[in-house]
Amino acid sequence: MAGLDVDSAAPRLRLGSELSKRARSLLGQLCAERGRPLIVLLPARDLRRSYGIARLWQVGQGVSERMGGTVVQLGGPIHHEGVRIARAGTAAPLAAALIALAAVCLSDDTGWCQVAAACDAPVAAVFGPSDPHRHGPVSPRAAVLWASARDCVGCAPQSGSRCLRCVPMQSFVDAAEQVAAAHWPRDRLRALGIPL
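As a convention, each chain's residues are numbered from 1 in the sequence order in which they are written. Confidence filtering applies because this is a predicted model: local features only for residues at pLDDT of at least 70, side-chain atom pairs given and counted only at 80 or more, and all residues used for totals across whole chains, interfaces and linings. Water and hydrogen atoms were dropped before computing side-chain values, which therefore reflect all heavy atoms in the structure.

A closer look at the state of the cysteines
Okay, so step 1: The criterion for a disulfide is a pair of cysteine sulfur atoms lying within 2.5 Å. One pass over the full model with this rule turns up zero disulfides.
Okay, so step 2: No disulfide involves C119; its nearest neighbouring cysteine sulfur is the one of C105, lying 8.0 Å away.

Topic: the nonpolar core
Most often, soluble globular proteins have nonpolar side chains that are buried together.
Okay, so step 1: Of all hydrophobic cores here, the largest spans 31 residues; its most connected members are L38, V40, L42, L74, L98, I99 and C105.
Okay, so step 2: Numbered from the N terminus, helices here are DSSP runs of H or I no shorter than four residues, and strands are runs of E no shorter than two. Among the elements that line this core, the one with the most residues is helix α3 (residues 92-100), at six residues.
Okay, so step 3: Residue contacts are defined here by distance: any two heavy atoms, one from each residue, within 4.5 Å place the two residues in contact. Discounting chain neighbours no more than four positions away, the residues touching L98 are A23, L26, L27, L30, L38, L74 and I85.
Okay, so step 4: By nonpolar core is meant a set of buried Ala, Val, Leu, Ile, Met, Phe, Trp, Tyr and Cys residues that side-chain atoms within 4.5 Å join together. Accessibility here uses a 1.4 Å probe with only protein chains present; expressed as a share of the type maximum, an area under 20% marks a residue as buried, one over 50% as exposed, and anything in between as partly exposed. One finds L41, W57, L106 and L164 within the second-largest nonpolar core, a separate group that totals 24 residues.

Things to note about the sheet that holds strand β7 (residues 123-126)
For sheets, the rule is that strands pair by backbone hydrogen bonds, running either parallel or antiparallel.
Okay, so step 1: Read from one edge of the open sheet, six strands run β5-β4-β3-β6-β7-β8, paired in parallel fashion. Both edges of this open sheet fall to β5 (83-85) and β8 (142-145), since each of them pairs with a single strand only. If you compare each strand with its neighbour and ignore which way they point, the axes differ by 20° on average.
Okay, so step 2: Pairing between strands is defined by DSSP: at least two bridges between the two strands are required. Of the pairings in the sheet, the one linking strand β3 (residues 38-42) to strand β6 (residues 104-107) comprises four bridges and is parallel in character. Within β6, the residue paired with L41 across the bridge is L106. Throughout, an axis means a line fitted to C-alpha atoms (over the contacting stretch in the case of helices), and angles, computed between N-to-C directions, take values from 0 to 180 degrees.

Section: the packing of helix α1 (residues 17-30) against α3
Okay, so step 1: For the pair α1 and α3, the least separation of the axes is 9 Å and the interaxial angle reads 70°. When the interaxial angle is binned, α1 and α3 end up roughly perpendicular. Classified by chirality, the crossing of α3 by α1 is right-handed. Contacts from L19, R22, A23, L26, L27 and L30 of α1 reach α3 at P93, L94, A97 and L98.
Okay, so step 2: Taken together, the residues that form the contact of α1 with α3 break down as nine nonpolar, no polar and one charged. Angles below 35 degrees are treated as roughly parallel, those above 145 as roughly antiparallel, those between 65 and 115 as roughly perpendicular, and all remaining angles as oblique. Here a crossing is taken to be left-handed if its near helix is turned anticlockwise relative to the far helix by less than a right angle, and right-handed if that turn runs clockwise. Any residue that is not Ala, Val, Leu, Ile, Met, Phe, Trp, Tyr, Cys, Pro, Asp, Glu, Lys or Arg is counted as polar, Gly included; the first ten are nonpolar and the last four charged.

Looking at α1
Okay, so step 1: One less than the residue count of a helix, multiplied by 1.5 Å, gives the span that helix is expected to have. Between the first and last C-alpha of α1 there are 20 Å, a value that for 14 residues agrees with the 20 Å anticipated at 1.5 Å per step.
Okay, so step 2: If you check which residues of α1 are buried, you get L19, A23, L26, L27 and L30. In an axial view of α1, the angular spread of the buried residues amounts to 105°, which keeps them on one side of the axis. Relative to its buried face, α1 has exposed residues pointing more than 90 degrees away, namely S17, E18, K21 and Q29. Regarding the arc, it is the one traced by the directions from the helix axis to the C-beta atoms.

Some details on the packing of helix α2 (residues 53-67) against helix α6 (residues 169-183)
Okay, so step 1: Their axes nearest at 9 Å, the elements α2 and α6 cross at an angle of 50°. Here α2 is positioned oblique relative to α6, judged by the angle of their axes. Crossing angle aside, the handedness with which α2 passes α6 is right-handed. Of the residues in α6, those in contact with R55, L56, Q58, V59, G62, V63, R66 and M67 of α2 are M169, Q170, F172, V173, D174, A176, E177 and A180.
Okay, so step 2: Its residues assigned to classes, the contact of α2 with α6 comprises nine nonpolar, three polar and four charged.

Here's the deal with the pairing of β7
Side-chain positions along a regular strand alternate between the two faces of the sheet.
Okay, so step 1: Residue alternation in β7 divides its side chains into two sets, V123 and A125 and A124 and V126, and both sets are buried.
Okay, so step 2: Here three bridges tie β6 to β7, and the two strands are oriented parallel to one another. Looking at the pairing, L106 lines up with A124 of β7.
Okay, so step 3: With its strands directed away from the observer, a crossover is right-handed exactly when the path from the first strand over the helix to the second travels clockwise. In this fold, the crossover linking β6 to β7 by way of helix α4 (residues 112-118) has right-handed handedness.
Okay, so step 4: Across four bridges, the pairing between β7 and β8 is parallel. Within β8, the position partnered with A124 by the bridge is A143.

Given below as structure tokens:
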């Protein structure tokens with residue numbers, strides 16, 4: 001079972017040992033080479049809050065080229081590239097346990113970026129109209145990106161709202177690499193089952 005640790009300032013998700021063991025087994029299947037970092041994509045189902053599944057995969061591939069990792073998508077719309085694992089219903093606890101083993105999670109403006117933060121995983125999230133200071137992940141290992149209204153060329157400049165699709169992919173890759181580097185080697189130790 002999983003539960004929130006309410007004793008700390010930020011919510012922490014506690015994952016049972018059996019669930020963590022299943023996640024480590026799945027990690028071994030997904031990452032052919034032992035110790036290879038896992039890069040998790042957490043796309044939004046709502047296309048209005050989406051960076052775009054193809055763009056999110058491109059960012060994941062960019063991070064993979066720098067870190068040598070394996071990219072896996074958890075939930076969201078089906079995309080023709082790579083591995084996609086369910087994260088809804090009964091699959092949610094295992095998805096959370098897998099997130100806890102990730103080197104970095106790349107997320108849209110979705111609740112799963114908060115799950116990643118609660119699992120103490122590094123997360124880079126791209127936000128659009130919602131306020132990232134209010135709705136972003138609560139974690140010292142989180143990077144949140146957004147475009148200002150003036151950065152969005154042709155994306156309703158009259159409204160003054162932010163557009164998450166105007167966040168440059170290179171900035172997203174850079175932020176993901178930075179939060180992953182700050183977390184290393186803790187992600188490797190957790191993948192091996194060493195409690196931290």
